[in-house]
Amino acid sequence: MQKLKNCDYYIGLDMGDASVGWAVTDTNYNILKFNGKALWGIRLFDSANTAASTRVFRSGRRRIDRTTWRLKMLQELFAEEIAKVDPGFFMRLEDSRLQLDDKREKAVYNLFVDKSYTDKEFYQQYPTMYHLRYALATQKGPFDVRLLYLAVQHIAKHRGHFLFDNLDASKVNDFNAVFSEVENYVRDEMGIEDWSCQNIDELAKVLCDVNLGRTTKQKAMQSLLPAQTKQQKAIIQLFSGGKAKLAELFVDEELDECEKKSVSFQDDDLNEFEPVLTAALGERYEGLLRFKAIYDWSLLAKILHLDTSKKDEDEQHLLSECKVQVYEDHKRDLAVLKSMLKGKPLCNKIFRQDGDISYEKYAKGIKGRNQIDFCKDLKKQLEGIAEYKKIMQEITSIDDAKTEEERLLFRITNGFAFPKQTTKDNGIIPIQVHLAELKCILDNAEGYLPFLGETDNNGLSVREKIEQIVKFRIPYYVGPLVGHVCPENRADVGLYVSMKKFILGILLKL
């Protein structure tokens, strides 16, 4: 090594996302010294964070802000009519998150403070908002205008996704359209020419059957779909919610080196792994989404209790009706489990202790406890009781269950006991399903609330405005806005200009 004097020298840098390596050499690439120390080293620091997480929070704030604005517009439509009955109703709703001392109206209840009707009577009559929605959609009334507002508000807050613009709510049970797209992709893009289904109606029935577990579904589908190769079996595994290796699915051994080697639509959130999967799969990621469409259809069919053999719109169930049934199923499962475990040590472990098997943790969703995890842990505990272990081994289908205890043990074994109304699966419900229910509610309400038919200067009735508010959305390509946009001034946004600017911005990055 040479000493640093009045001579020419080079500075070399090796820059990474969490470090910088450096060295000083002469023109012959020998390390130089300064004050007896070799001039080379490394500087470590924390990696920079991308704007992805910040973008998620910012998008979330915009979504919450727009939801709040929708509800404010709804309140304006109902304000005059509700003021006739209860002038402080909206104020109590706004203060419901506050402690009693901080509320403007020092009322113990948040919704109803009538002498003969309070929140206590309300929740006894309607344990959940879906009970209220179902009552308003199926009964002619009359109902209190405040009840109508609460139901419409719930729909406006939880209105589903907008992925299918032209979807007819009465045709959501049409499995043929969904399956034909997958069938064409498998044949044309994946090159499996002989891939077809022997009985599409039977396949739809298997996918919809809530009494079948993953393994049972896979066996049933293997008799309906080709299942000779690992690739064909991987497709079936995905349809059932099971885990499939990407290398087997796309016959590409290089995918074994991918950060995400396997996928399960039931256990994984594709949005979370989208950057990794799109980088590894490229255009093949579209195929993964097509397979997910089959799984999503099966989830929607379960949520809506669809009967694939019925094509008539009147034969299908309302969303609220299905959610009420979920509530009743959970209630029945809970009562049977408590009866089974009464006096046993396991009862205290589940209902009184704060462990992993705690029912309270599952009911409240603490630490991400979901239905499958809770049933899996509960099954392990019940297998420690000889009589229950024997029953779980002997019952292979729901038809074999003769008692409520046997039925519950079968449901626990297959992971669908104790269902909940609010789960991540609700994200696959399209807005058209909610709108169909809203239409039923408003059709009935017009018979006992005349203000819904009142029109403004533009000829729009209150009912039409309610439907517009629920359906209205700002396209993703518009971005941030100054002020709020409602259905009446949507034309001021300039959707075409915004869309053109958005597309040009993408093209310039390519």
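Here is a short report on the structure shown in this document. (Residues numbered from 1 in each chain as written. Predicted model: local features only at pLDDT ≥ 70, side-chain atom pairs only at ≥ 80, totals over all residues. Heavy atoms only, no water.)

### Thoughts on the pattern of salt bridges
And then number 1: Applying the stated criterion to the full structure yields 26 salt bridges.
And then number 2: Several salt bridges share partner residues, and in doing so they unite D86, R92, E105, D114, D144 and R146 into one network. (Salt bridge = Lys/Arg side-chain N within 4 Å of Asp/Glu carboxyl O.)

### Some thoughts on the nonpolar core
And then number 1: Counting 52 residues, the largest nonpolar core has W195, L203, I235, F239, L288 and F291 as the members making the most contacts within it.
And then number 2: Those elements that provide at least two residues to this core are α6 (175-188), α7 (200-208), α9 (230-239), α10 (246-249), α11 (270-281), α12 (285-303) and α13 (319-341).
And then number 3: Broken down by element, the residue count for this core peaks at 10 residues, all from α12.
And then number 4: Counting 41 residues, the second-largest nonpolar core is a separate cluster that includes L74, Y149, L442 and L449. (Core = buried A, V, L, I, M, F, W, Y, C linked by side-chain atoms within 4.5 Å. Buried < 20%, exposed > 50% of the residue type's maximum accessible area, 1.4 Å probe, protein only. Helix = DSSP H or I, 4+ residues; strand = E, 2+ residues; numbered from the N terminus.)

### Overview of a negative patch on the surface
And then number 1: On the surface, E253, E254, D256 and E257 cluster together into a patch of negative charge.
And then number 2: Residue placement: E253 occurs in the loop between α10 and β8 (262-264). (Patch = residues over 30% accessible without salt bridge, like charges linked within 9 Å, V, L, I, M, F, W, Y side chains within 5 Å. Areas by Shrake-Rupley, 256 points an atom, 1.4 Å probe, with all protein chains shown as cover. Lys, Arg positive; Asp, Glu negative; His and termini not counted. Charge placed at Lys NZ, Arg CZ, Asp CG, Glu CD.)

### Describing the side chain of E406
And then number 1: Among the secondary structure elements, E406 is positioned in helix α18 (residues 404-413).
And then number 2: The buried charged residue E406 lacks any salt bridge partner; its closest oppositely charged side chain belongs to K402, at an N-O distance of 7.2 Å.
And then number 3: Only 2.7 Å separates the side chain of E406 from the backbone nitrogen of K402, close enough to count as a polar contact.
And then number 4: Filtering out sequence-adjacent residues up to four positions away, E406 remains in contact with I391, I395, D400 and A401. (Polar contact = N/O pair within 3.5 Å; in protein donor to acceptor, adjacent residues only side chain to side chain. Contact = heavy atoms within 4.5 Å.)

### A short note on the packing of α9 against α12
And then number 1: Two elements in contact, α9 and α12, have axes separated by 8 Å at closest approach and are oriented at 50 degrees. With respect to α12, the element α9 is oriented oblique. Contacts between α9 and α12 involve I235, L238 and F239 from the former and L288, F291, I294 and Y295 from the latter.
And then number 2: Split by residue class, the contact of α9 with α12 holds 7 nonpolar, no polar and no charged. (Axes fitted to C-alpha atoms, helices over the stretch in contact; angles between N-to-C directions. Parallel < 35°, antiparallel > 145°, perpendicular 65-115°, else oblique. Nonpolar A, V, L, I, M, F, W, Y, C, P; charged D, E, K, R; others polar.)

### Some thoughts on the packing of aromatic side chains
When we look at a pair of aromatic rings, we describe it by the centre distance and by the angle of the planes.
And then number 1: Tallying each qualifying case throughout the model produces 25 aromatic pairs.
And then number 2: Their ring planes at 85 degrees and their centres at 6.3 Å tell us that Y185 and F291 sit as a pair that is edge-to-face. Here Y185 is found in helix α6, whereas its partner F291 is found in helix α12, with 106 residues between them in sequence.
And then number 3: Plain terms: the ring middles of F374 and F418 are 5.6 Å apart, the flat faces sit at 85 degrees to each other, and that makes the pair edge-to-face. On the criterion of sequence distance, the pair formed by F374 in helix α16 (residues 371-382) and F418 in the loop between α18 and α19 (431-445) is long-range, its members being 44 residues apart.
And then number 4: Its relative accessible area of 0% is what places F374 among the buried residues.
And then number 5: Cluster of aromatic residues (ring-pair linked, three or more members): F78, F89, F90, F112, Y117, F122, Y123, Y126, Y149 and F451.
And then number 6: Looking at K338, its charged tip hangs above the ring of F351, at a distance of 5.4 Å from the centre.
And then number 7: A cation over a ring is seen here: K420 above Y362, with NZ or CZ 4.5 Å from the ring centre. (Phe/Tyr/Trp six-rings, centres within 6.5 Å; stacked < 30°, edge-to-face > 60°. Lys NZ or Arg CZ within 6 Å of the ring centre and 35° of its normal.)

### Some points on the sheet that holds strand β3 (residues 19-25)
And then number 1: In space, the 3 strands of this open sheet follow the order β2-β3-β6, with antiparallel pairing throughout. Two strands lie at the open edges of the sheet, namely β2 (10-15) and β6 (40-44), each paired on one side alone. Ignoring which end each strand starts from, the neighbouring axes of this sheet average 15 degrees apart.
And then number 2: Bridge analysis of β2 against β3 gives 6 bridges, and the strand direction is antiparallel. What sits directly across from D14, in β3, is G21. (Pairing = 2+ DSSP bridges.)

### Observations concerning unusual backbone geometry
And then number 1: Cis peptide bonds are those with omega within 30 degrees of zero, and the linkage from G141 to P142 qualifies with 10 degrees.
And then number 2: By the element assignment, P142 lies in the loop between α4 (129-138) and α5 (145-157).
And then number 3: The phi dihedral of Y29 falls on the positive side, at around 65 degrees, and the residue is not glycine.
And then number 4: Within the element layout of this structure, Y29 appears in the loop between β3 and β4 (32-34).

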